[in-house]
Every structure is written in structure tokens, then in C-alpha cells.
Amino acid sequence: MKEKTDAVVIGGGISGMEAAAALARLGAKTVIVEEKDRTGGHVARWHQLFPDGSASGELLKPLHDALQGVDIRLNTTVAGAVRNGNRYGLTLSDGTELDAGAVLLATGFSLFDARRKEEYGYGIYDRVITSDRLEQALTEQKGLGAAGYDPLRIGFVHCTGSRDEKVNNRHCSKICCATAVKQACELKELHPSARIYCFYMDLRMFGRGYEDMYLHAQNKYGIQFIRGRVSEVAETIEGKLAVKAEDTLAGQPLRATLDWLVLMPGMERHEHTPHMAALFNLAIAGDGFFQTGDAYNRSTTATQPGIFLAGACTGPKTYAECIGEARAAALAIYEYIRKI
Ligand SMILES: Cc1cc2nc3c(=O)[nH]c(=O)nc-3n(C[C@H](O)[C@H](O)[C@H](O)COP(=O)(O)OP(=O)(O)OC[C@H]3O[C@@H](n4cnc5c(N)ncnc54)[C@H](O)[C@@H]3O)c2cc1C
Ligand code: SF4
């Protein structure tokens, strides 16, 4: 038998959680469908968040608490969808059938696979890691300590797989400059004698308080920012990393021997996006993310009636942007289901 509900939210990251909680507060019967065994999405894997260093756990707790009254189906995804007049019939992966007035896609993003940038040596050299792995190490308060290395020399590579035609990602991932600055400062707290270098193309510190983070990183922690692209990484006999780059401000080639290299992989469309787009007959934009109604007033509507969008499934976004968009989507859904 079909279970009738007002709204189904696909994806239980911060965007899906916030939208579902807002819908429940408005009195709409709401189901979250989340393929993982927990809610929180990517944010549950981060340590402290820019711009002010808040702990992710502290930010997630009120979102979890607000989900009382929302029906959450973990380890579940959507296997089939049909439009029945104004409503949608969904078949979940566990065989459950839902009859929904509206559907919100809050399916988020996938991280760029840094192995695709072979020149950086990720997957080949153990000391080349990615920002998400560093978040894990920071959560465990491990940092990148290693006996025999003093001072540690650490490089960050911005724009790994973003703004890069060669990997078919022209877009800026928006969050990785600020993440690199945040992680570099956190590492300096754990390893005060470390020398840290950020290799960047442009620094996009666009948000409120972000420029202060950047100044703080230089003035308090002595992080060095080098405008240039890393072109080659190789391992030395001692197991360190020989890095070649071009300092485009000084107009000189540059060589450095580092203990660690942290790559900043960009945000790409979630791997399920083409499948979800096919299920609901939705358009995908040129950058691979879901197409929105327009770029101004209809950023939370998809290209089919009754289907809405929120968060990083339509492009790279910060935490605060996702929360704002989730609330806007919830309101749009509420207005929609009252009319059908
Ligand atoms: C390394 C890194 C550090 C970051 N640090 C910060 C920071 O300090 N401050 C900040 O503001 N932002 C930060 N961000 C950005 C932040 O992670 C995103 O804004 C946020 O995760 C987007 O939330 P979301 O809910 O839209 O997507 P996600 O977090 O990706 O969640 C989507 C959810 O949907 C689920 N899902 C996907 N497809 C399906 C499906 N078909 N069926 C069921 N479930 C599905 C997924 O399992 C996941 O739980 C960082 C990003 C990165 C990459
Ligand atoms: S935010 Fe910075 S590191 Fe990320 S893609 Fe944009 S310019 Fe590159």
C-alpha cells in the first residue's frame, strides 16, 4: 500500500535536514530518504568550519534535534518515480511506495577524485593527501606529526580539479580557498614550528570574515601564499616530496622539498545526479549540477513542477548558503502543496 505524505526530501545532509525541519514546523508531513546510515552529509566529516571555527558537531546538533516529527529512512534511496497528475509516486530501495505532493532534491555533491590529476601524485605517494582526509586527522587531533621531521614543511594545492578545462570542471568550487586557509591555521596550532605554503591561482575569500581569516593566517601564523600552479611532484630518496611550481608573481620557477602536500579537491555534481535527473526528467546544467528554474528568483525550483532543489546539488555552496536555500525551498514547497 502507498504511504501518503506531503513532501519527500531526498538527501539528509544539512540542506535536507534544515528543509525537512522547516516543513515539519509548517505542519507538512515529511519523509527524509538518506542513502547513508546517518544524517549530516559531508559536514559530519568536517572538524571545525570556516569562517569562525565552530565545531561541526555543535552546528549539527540543533539540526538533528529539530527533526522530531520527521520520518527519516536511512540506508535508503529512490529506485523509481512516476508522476501521477499533480503528485509523485516514489518506490524506495527497500520496496516502500510513497505518494508525495512534492519532492525536494538535496542530494549534495561528490568530491573530485584527486587521482585524476596525476601530476600531483595522489594515490602514488603516501604523503600526498586530500583536504577531506586532513579534516579526519584534525578531528582526531592527530595533525600531520611524524617523528624526525622538524620543522614540518607542508604545501596546500588550491584548485585541485576546479577551474580546470583538462578535467572538464571550469567552475570554481568556492569553498576550497577558505578551507585551505582554515586548515593551514589549524595545523599551525598543532605544529607551531611548521612551515606552510599555499599554492594558489587566485584567492577567493569572498564571504564575511573571510578576508580577516586570510590576514590572520599571514600575520599570526606566518602562512606563506605563493601565486602559482604546482606542475610536478616526485618522491625523494628520503621519502620527502620534491615539488616544482611556477611563482607567477615573481615570474620564476620554484622548487621546494616538502613533508606533506595537501590537495584541495573541488566540489563536483553528486555521482547520482544523472540517475536522479533521469528518474524525475530533470535538466542538468553545463557544469553538471541540476539546472534551476532560473539564476535569480527560482533557484530552488527544478525544471519539472513539484520538484524542488536545495544546497550543493545545484553547485558549490557554503554551510550558511545551504541553510538559507533549504529554508527558501521549504517555503516554496509549502506554498506549492497548499495549492495542489
Ligand atoms: C573539504 C571541505 C570542507 C568544507 N568546509 C566548510 C566550512 O568550513 N564551512 C562551510 O561553510 N562549508 C564548508 N564546506 C562546504 C559544505 O561541506 C557544504 O556546504 C555542505 O556539505 C552541503 O550540504 P548538502 O546537504 O547540500 O550536501 P551534502 O553534504 O553532500 O549532503 C547530501 C546528502 O544526500 C545524500 N544523498 C545523495 N544522493 C542520494 C540519493 N540518491 N538518495 C539518498 N540520499 C542521497 C548523501 O548521502 C548526503 O548525506 C566544505 C566542503 C569541503 C569539500
Ligand atoms: S575556491 Fe579557491 S581553491 Fe577553490 S576552486 Fe575557487 S579559486 Fe580554486
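Residues numbered from 1 in each chain as written. Chains lettered and ligands numbered in written order. Predicted model: local features only at pLDDT ≥ 70, side-chain atom pairs only at ≥ 80, totals over all residues.

Visitor: If you had to explain the domain arrangement of the chain to someone new, which residues and values would you point to?
Guide: Looking at the assigned domains, one finds that the chain contains domain 1 (3–108 + 270–339) and domain 2 (114–266). Once you take the C-alpha centre of each, domain 1 and domain 2 turn out to be 32 Å apart. Listed per partner, the contact involves 10 residues of domain 1 and 16 residues of domain 2. (Domains from an automatic or database assignment. Contact = placed C-beta atoms within 7 Å.)

Visitor: Provide a residue-level description of the site of ligand 2, including the pertinent values.
Guide: Close to ligand 2 lie 14 residues; Cys-159, Ser-162, Cys-172, Cys-176 and Cys-177 are nearest. Put simply, the parts of the chain that give the shell around ligand 2 at least two residues each are β11 (153–160) and α4 (176–190). Counted by class, the shell around ligand 2 contains 6 nonpolar, 4 polar and 4 charged residues. (Near = placed C-beta within 6 Å. Helix = DSSP H or I, 4+ residues; strand = E, 2+ residues; numbered from the N terminus. Nonpolar A, V, L, I, M, F, W, Y, C, P; charged D, E, K, R; others polar.)

Visitor: So what's going on with helix α7 (residues 319–339)? Residues and values would help.
Guide: Counted at 1.5 Å a residue, the expected span for α7 with its 21 residues is 30 Å, and the 31 Å between its end C-alpha atoms agrees. Tyr-319, Cys-322, Ile-323, Glu-325, Ala-326, Ala-329, Ala-330, Ala-332, Ile-333 and Ile-337 are the residues of α7 that are buried. Residues of α7 that are buried in the fold lie against β1 (3–10), α1 (14–25), β3 (48–49), β8 (97–105) and β19 (307–309). (Expected span 1.5 Å × (residues − 1). Buried ≥ 20, exposed ≤ 12 C-beta atoms within 10 Å, placed from the backbone.)

Visitor: So what's going on with the site of ligand 1? Which residues, and what values?
Guide: Neighbouring residues of ligand 1: 41 residues in total, closest Gly-11, Gly-13, Gly-41, Gly-108 and Gly-311. Elements that contribute at least two residues to the shell around ligand 1 include exactly α1, β9 (109–111), α3 (131–139), α4 and α7. Residue classes in the shell around ligand 1 are distributed as 18 nonpolar, 16 polar and 7 charged.

Visitor: Can you explain the pairing of strand β7 (residues 87–92)? Please cite residues and give values.
Guide: Each regular strand displays side chains that alternate between the two surfaces of the sheet. When strand β6 (residues 78–84) meets β7, the two strands line up antiparallel, connected through 6 bridges. Among the inter-strand pairings, Val-78 is bridged to a residue of β7, identified as Leu-92. As paired strands, β7 and β8 are joined by 4 bridges and run antiparallel to one another. Counterpart to Thr-91 in the pairing with β8 is Glu-97. The turn linking β7 back onto β8 is made up of 4 residues, and Gly-95 within it adopts a positive phi angle of 95°. (Pairing = 2+ DSSP bridges.)

Visitor: For the pairing of strand β14 (residues 230–235), give the residues involved together with the corresponding values.
Guide: In terms of strand pairing, β14 meets strand β15 (residues 241–247) through 5 bridges, oriented antiparallel. Bridging from a neighbouring strand, Glu-232 pairs with Lys-244 of β15. Linking β14 to β15, which pair antiparallel, is a turn of 5 residues; within it Gly-239 sits at a positive phi near 85°.

Visitor: Please set out α1 residue by residue, giving values where relevant.
Guide: End to end, α1 covers 16 Å across 12 residues, agreeing with the expected 16 Å (1.5 Å per residue, within 8%). Counting buried residues along α1, 11 of its 12 residues qualify, which places the element largely inside the surrounding structure. Within α1, the full set of buried residues consists of Ile-14, Ser-15, Gly-16, Met-17, Glu-18, Ala-19, Ala-20, Ala-21, Ala-22, Leu-23 and Ala-24. At its buried positions, α1 is contacted by β1, β2 (30–33), α2 (56–65), β8 and α7.

Visitor: Outline unusual backbone geometry, supporting the account with residue identities and numerical values.
Guide: The residue after Phe-50, namely Pro-51, is reached through a cis peptide bond having omega 10°. You can see Pro-51 is positioned in the loop between β3 and β4 (54–55). Notably, Arg-163 is not glycine yet its phi reads approximately 50°, a positive angle. Its identity as a non-glycine residue notwithstanding, Lys-174 has a phi of 70°, on the positive side. Its location among the elements puts Lys-174 in the loop between β11 and α4.

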